Amino acid sequence: MASKGTPLPLHDTLRDLALLRASSVDLSGLIADDTPSSQPPKEIEESTIQSYAFVREVRTALRMHNSGEAQKQAARIEKVQVELVDVLRSLSD
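Definitions and cut-offs
Residues numbered from 1 in each chain as written. Predicted model: local features only at pLDDT ≥ 70, side-chain atom pairs only at ≥ 80, totals over all residues. Heavy atoms only, no water. Salt bridge = Lys/Arg side-chain N within 4 Å of Asp/Glu carboxyl O. Helix = DSSP H or I, 4+ residues; strand = E, 2+ residues; numbered from the N terminus. Buried < 20%, exposed > 50% of the residue type's maximum accessible area, 1.4 Å probe, protein only. Axes fitted to C-alpha atoms, helices over the stretch in contact; angles between N-to-C directions. Parallel < 35°, antiparallel > 145°, perpendicular 65-115°, else oblique. Contact = heavy atoms within 4.5 Å. Nonpolar A, V, L, I, M, F, W, Y, C, P; charged D, E, K, R; others polar. Patch = residues over 30% accessible without salt bridge, like charges linked within 9 Å, V, L, I, M, F, W, Y side chains within 5 Å. Areas by Shrake-Rupley, 256 points an atom, 1.4 Å probe, with all protein chains shown as cover. Expected span 1.5 Å × (residues − 1).

Chemist: Can you tell me about the pattern of salt bridges, naming the residues and giving the values?
Modeler: Within the structure shown, the criterion is met by three salt bridges. Across the salt bridge formed by Arg-15 and Asp-12, the nearest N and O atoms sit 3.4 Å from each other. Of this pair, Arg-15 and Asp-12 both sit in helix α1 (residues 10-22), separated by three residues, roughly a single helical turn. When its relative accessible area of 42% is taken as the criterion, Arg-15 is described as partly exposed. Between Arg-15 and Asp-16 there is a salt bridge, and its shortest N-O distance comes to 3.3 Å.

Chemist: Any chance you could break down the packing of helix α2 (residues 42-67) against helix α3 (residues 69-92) for me, citing the residues and the numbers?
Modeler: Their axes nearest at 4 Å, the elements α2 and α3 cross at an angle of 75°. With respect to their mutual orientation, α2 and α3 come out roughly perpendicular. Across the interface between the two elements, Met-64, His-65 and Ser-67 from α2 touch Glu-69, Ala-70 and Gln-71 from α3. Class assignment of the residues belonging to the contact of α2 with α3 gives a composition of two nonpolar, three polar and one charged.

Chemist: An account of a nonpolar patch on the surface is requested, with residue identities and associated values reported.
Modeler: Where nonpolar side chains cluster on the molecular surface, the patch consists of Leu-10, Leu-14, Leu-17, Leu-20, Val-25, Leu-27 and Leu-30 and spans about 690 Å² of accessible area. Tracing the backbone through its elements, the reader meets Leu-10 in helix α1.

Chemist: Now, about α2: what can you tell me, with residues and values included?
Modeler: For α2, spanning 26 residues, the distance from its first C-alpha to its last is 38 Å, which sits close to the expected 38 Å at 1.5 Å a residue. Gly-68 sits one or two residues past α2 and shows a positive phi near 85°.

The following block contains the structure:
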């Protein structure tokens, strides 16, 4: 918890920051390397993208199934197949 005392004087803080900048101190070297990365690994990101694409396709298929569109398309395909079989029979006779 932060103390409710007086804040650091702005003049002193700015002077300290200027000294750090002028001395070219690399503060990132002071931080431990075991901190988690802000970016997920590429494999996880690609897997997440594929997962979202899969979910989108499944939702589309379920919507089509629930609307009866799949059955309509199946009946249409079956009708076309019967017509093609008739055409092949008439060509072979």
